[in-house]
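This is what each chain is made of:
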Number of protein chains: 2
Amino acid sequence: MNTLLLRGGRPWIPGLPTDVADIRIADGRIERIGPDLESTADEIIDLAGALVLPGLVDTHCHLDKTMFGGPWIPNTGGRTLSGRIANGAGRRVELGLPSAEYAANLLGAMVSGGTTAVRSHIDIDPEVGLGGVAAVRAAAAEHSDRVDVELVAFPQGGLLSRPGTAELMAAALAEGVEVVGGLDPAGYDRDPVGQLNVIFGLAERYGAKIDIHLHDGGTLGAWEFDLIVERTRATGLAGRVTISHAYAMGSLAPDEQRRVAENLSEAGVSMVTCAVGEAPVVPVRIMHDVGATLALGNDGIRDLWTPYGDGDMLRRINNVAYRDRLVADPEIELALLAGTYGGARVLGLDDYGLTVGAPADLLVVEAPTPAAAVVVLPPRKLVLKRGRIVVRDGVLVTDK
Amino acid sequence: MNTLLLRGGRPWIPGLPTDVADIRIADGRIERIGPDLESTADEIIDLAGALVLPGLVDTHCHLDKTMFGGPWIPNTGGRTLSGRIANGAGRRVELGLPSAEYAANLLGAMVSGGTTAVRSHIDIDPEVGLGGVAAVRAAAAEHSDRVDVELVAFPQGGLLSRPGTAELMAAALAEGVEVVGGLDPAGYDRDPVGQLNVIFGLAERYGAKIDIHLHDGGTLGAWEFDLIVERTRATGLAGRVTISHAYAMGSLAPDEQRRVAENLSEAGVSMVTCAVGEAPVVPVRIMHDVGATLALGNDGIRDLWTPYGDGDMLRRINNVAYRDRLVADPEIELALLAGTYGGARVLGLDDYGLTVGAPADLLVVEAPTPAAAVVVLPPRKLVLKRGRIVVRDGVLVTDK
C-alpha cells in the first residue's frame, strides 16, 4: 500500500474553520484527516499551514475547439451567435481543428491551475462527425493520470435544424460519450419541444446525462427553464440535467430568479455559469440559498469563438465572484463551492472532496482564507490527482 | 548626454504595422525611431523582435484607500454605494488608512506591470482632512523616478451634503492637487446644479481639471452627462473634464450612446471606464468612432470597497476588452489605445507616446501583435520611465 502524509496543512471543509490538520492518503484515497496523525508514510510533505482545497472542477469547456499553445490567430468571429457558429465551423479545417495536440496543451494548463475534473462539450455535426470526440479522447488519454474528462455530444450547428446530427450524437453516446448536449431549443432550433424530445430520448436510450446550452435571454429563456424542469420531472432524470449559461437568469427580477432556482432545486436541474464577456452571471447567492446546484466553467479558450482565456479555473472562479459582486469572505466562498463541490455534483462524482474515502484530488496554495485564495490567485504549490503529485509550484510533473 | 539604444523591437504606433525598428533615447527622451539606427549609445539592448508599447496610463485608482501588501482583511462593505461609503470611512482609522506604505506597495505593483502614469482620487472629508493627499504624495515621492502621479481632491463622502468638504478641497487645490473631483451630483448630493457650481467654480479658481464619479444610472445619469457637457462648454474647460464610470451609458440604446459620445467629443469631455464587477462598460468602439476620449483605470484595489485587484493595468485593459466583447485584433487594439493614449489625453500629457521628442516611457513584451499582448498578458520584460529601466522581467529595479 502506497501512503502519503500531507502534514500541517489547513484543509477547507465547507462550513468548518480551516484549522491545521494532517491528511493521510493511502492508495490514492484519503484515509484520514485530523490533527497530529501518526508520522508513518512512504512520503511525508510538510504543508506548513498552507491551504488545501479539493480539486477544481471545470464543468464547461470546449477542448475540441481550442488552439491553445498554437500561434496567435486573430479572431474573425464577430459578436453574433450565428456569426460565431458559422466562423467556428468554417475555419476549422484550415486551422487543423479539432486538434488532440491543442486540447492536450489546454488540459495541461488546466491541471497546472489545480483542475482535476473536466466536462468538455464536443461539436458534433455531419462535417466533423465524431472527429472531436477522437481528438479530445486522445488528449485526455495523455493526461489520464492527471485529470478526468467527461464528454458532451454537443450539436453546435443545431440539432433539428441540421439533419444527420442526431444520428451522429446517438453514435457518440453508443460508443461511450457520457452526456447529450442541446443548443437553444427555441432560439436556434426554433422547435423547443422537438429538440427536447430528441435530447431526452437519447438520454433515456443511452443512460446519458443532459447539458443544454441556453443563450436565449429574457422571457423566452425563462420559459425554456420551465420547459426543461418539467421534462426532467416527467422523465425522472433528477440530478442528471444541466442548463449551461442560462443567460435569461440575468434579466429576471430577484424574486423571479429565486422562483426559478427553487424549481431547479426541486427538480434536480443544475446550472453552469461562466461569466463570459458581458453576459449575465447566474446569481450565486440565490442558487445557494435555495439549495440549487451551481457549477462553473471556463467556456471557450483561445478558439475561433474567443481569443481569451488561460484555463486557470481559480481565475474563472475569481471572475464569477467579481462579476457577481461577491465581496465578503463567506460570499466569495460560495463561488469556490460552485467551482468545486458544485461541479462535482454536475459531473456525478459521488466520492468527491476533502473527506475520508474520497480520491485524493486536491490542490495546495498559500492563502490565509479560502476567499483570499480566490481573490489573490496564489501559485499552485501542489496539485494531487488520486494521491499522486501532478503539479509542483505550478509546473506539470511529467516524469511518470 | 546619456544615450540608450533599444535595437530590433517592434514599436506599436497606432495605425501602422508593428515593423522592426530601433529606438534611440537621449537624456530620457526618444531621439529617433527607425530601422537600423547607428549603433552608438552608452547602452544597447537587443529586443529581438519584442513588442514595444507606450507606458500604460491608469487614470482611475484610489491609492489612499488601498491595503495592498498588507494582511488579508475580509470585506465588510456590502453591495450598496452608501453602505460601501460608510464602511470605507468607518474602518479607515482602525486599519491605519490612508497609508503611505500600502500606497507605495501598490504603486510598485503598478509600475511592475508597465504603468508609467497614474491619476488617483483622494478622499477629502472633515475627518480625514488632507491626510490622504499627504500619504499618497509620500508614496509617489518614493516612486518619483518610476511613475508620475496626479491627484484628485475627491469628495467621497459627499460635497454639498458634507459641510466643510468644499473648503478642504479648495485647500488641497491651493497646495497643488491638480484635479477637483465630484460624486453623483444628483444621486448622492441631491443637488446636481449646486454640486457642479462648486466643482466648476473650484476648477476655474485654481486652474484645476475636473473628474466626476458618476454611478447614477439610466435616464438620471444620462441627463447628468448633458449637464456636465453644457457646463464644460459654458466654462471653456474643453479637454479638462472627465466623467468616471458613467454607468448610465450601459442602459442607453446604441444610437443614444452615439449621441452622448458625439456631444462629449464636441465639448472635450472624456470618459473613464473600469469594468468593475457587473457594472456597465462604456462602449469602446462607439467612443472611438466619434473621436471621443476614453481612458481606463483599475478603480479600487484591495481596499474597504473591494478585496479584488492587483494593479496590473494590462490585465485591466484585458478586462475591459473582454467585457466589451472586443474579439478582433483591431477592436482589442482600441482598448489598448484607451489604456495608453486615451489616458494620456485625460492626464494632459502632451508629449506622450512612442514618438520623437516624447519622454521614453514604455514597456517591452513578447507578443506577436498588440492585441495578443492584451489577451495573453505576457511578462513585462522591460519597463522604462524617462529612459531609465525601472522594471526587468516583471521585477522592480530598486538600486538607483
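Look up a bit, the structure's there.
The rules behind the values
Residue positions are given per chain, counting from 1 as you read along its sequence in written order. Here every chain gets a letter starting at A, and every ligand a number starting at 1, in the order they are written. For this predicted model, a pLDDT threshold of at least 70 governs which residues receive local features, and a threshold of 80 or more governs which side-chain atom pairs are given and counted, while totals over whole chains, interfaces and linings are taken from all residues. Hydrogen atoms and water are omitted, and side-chain values are computed over all heavy atoms in the structure. Numbering of helices and strands runs from the N terminus; a helix is a DSSP stretch of H or I covering at least four residues, while a strand is a stretch of E covering at least two. Both definitions apply: the radius of gyration is a C-alpha atom measure, and the globule rule equals 2.2 Å times residues to the power 0.38. Exposure classes here rest on a 1.4 Å probe applied to the protein chains alone. A residue is buried below 20% of its type maximum, exposed above 50%, and partly exposed in between. We call two residues contacting when some pair of their heavy atoms lies within 4.5 Å. Every accessible area reported is derived by Shrake-Rupley at a probe size of 1.4 Å, with residue values counting cover from the shown protein chains alone. In this tally, Lys and Arg are treated as positive and Asp and Glu as negative; His is ignored, and so are the chain termini. Where a charge sits is defined by one atom per residue type, namely NZ (Lys), CZ (Arg), CG (Asp) or CD (Glu). A least-squares superposition brings the copies together, and it is based on the C-alpha atoms of residues with pLDDT no lower than 70 in both. Buried residues of nine kinds, namely Ala, Val, Leu, Ile, Met, Phe, Trp, Tyr and Cys, make up a nonpolar core once their side-chain atoms join them within 4.5 Å. Whenever a carboxyl oxygen of Asp or Glu lies within 4 Å of a side-chain nitrogen of Lys or Arg, that contact is scored as a salt bridge. Clockwise travel from the first strand over the helix to the second, with the strands pointing away from the viewer, marks a crossover as right-handed. By definition, two strands form a pair when at least two bridges between them are found by DSSP.

Q: Mind laying out the overall build of chain A, listing which residues take part and the relevant values?
A: Helix and strand counts for chain A come out as 11 helices and 17 strands. For chain A, whose C-alpha radius of gyration is 20 Å, the value lies close to the compact-globule estimate of 21 Å for 400 residues. Taking the principal axes of the C-alpha coordinates as reference, chain A spans close to 60 × 45 × 40 Å. For chain A, buried positions account for 62% of its 400 residues. By sequence separation, contacts in chain A at least 24 residues apart represent 74% of the contacts at least 6 residues apart. Counting every atom, chain A has about 13600 Å² of accessible surface; 52% of that belongs to carbon and sulfur. For chain A, the separation between the mean place of its 36 positive charges and that of its 52 negative charges on side chains is 2 Å.

Q: An account of the relation of the copies chain A and chain B is requested, with residue identities and associated values reported.
A: Expressed as a screw operation, the relation of chain A to chain B combines 0.0 Å of axial shift with a rotation of 180 degrees, fitting to an RMSD of 0.0 Å. In the structure described here, the two chain copies are related by an operation that fits a two-fold rotation axis. For chain A, the minimum C-alpha distance to the rotation axis belongs to A:Glu278 and amounts to 4.1 Å. Of the residues that chain A buries at the interface, 100% are likewise interface residues in chain B, meaning the two copies contact each other through the same surface.

Q: Talk me through the nonpolar core; I want residue IDs and the actual numbers.
A: Counting 253 residues, the largest nonpolar core has A:Leu63, A:Phe225, A:Met271, B:Leu63, B:Phe225 and B:Met271 as its most contacted members. Look past the residues within four positions of B:Met271 in its chain and what remains in contact with it is B:Phe225, B:Thr242, B:Ile243, B:Ala246, B:Met249, B:Val260, B:Leu264, B:Val282, B:Met287, B:Thr293, B:Leu294 and B:Ala295.

Q: Break down the pattern of salt bridges for me, with residues and values.
A: All names here are of chain B. Taken as a whole and assessed by the stated rule, the structure comprises 48 salt bridges over all chains. Across the pair Glu256 and Arg259 runs a salt bridge, and its minimum N-O distance is 3.3 Å. In this pair, Glu256 and Arg259 both sit in helix α7 (residues 254–267), three residues apart, roughly one turn of the helix.

Q: Tell me what's going on with the pairing of strand β10 (residues 209–213) of chain A, and back it up with residues and numbers.
A: Residues and elements named next belong to chain A. Of all five residues making up β10, five are buried, and the element is well covered by its neighbours. What you see with β10 is no split at all: Lys209, Asp211 and His213 on one side and Ile210 and Ile212 on the other are buried throughout. Following the backbone out of strand β9 (residues 179–183), through helix α5 (residues 192–206) and into the adjacent parallel β10, one traces a crossover that is right-handed. Looking at chain direction, β10 and strand β11 (residues 241–244) are connected through four bridges and run parallel. Among the inter-strand pairings, His213 is bridged to a residue of β11, identified as Ser244. With helix α6 (residues 218–235) bridging β10 and its parallel neighbour β11, the resulting β-α-β unit is right-handed.

Q: Account for the pairing of strand β5 (residues 51–54) of chain B, naming residues and giving values.
A: All names here are of chain B. Alternating positions in β5 separate into two faces, Leu51 and Leu53 on one and Val52 and Pro54 on the other, with burial throughout. Strand direction decides the pairing type here: strand β1 (residues 3–11) and β5, joined by two bridges, are parallel. Bridged to Pro11 within β5 is Val52. In this sheet, strand β14 (residues 362–365) lies alongside β5 in antiparallel orientation, the contact comprising four bridges. In the strand pairing of β14, Leu53 is matched with Leu363.

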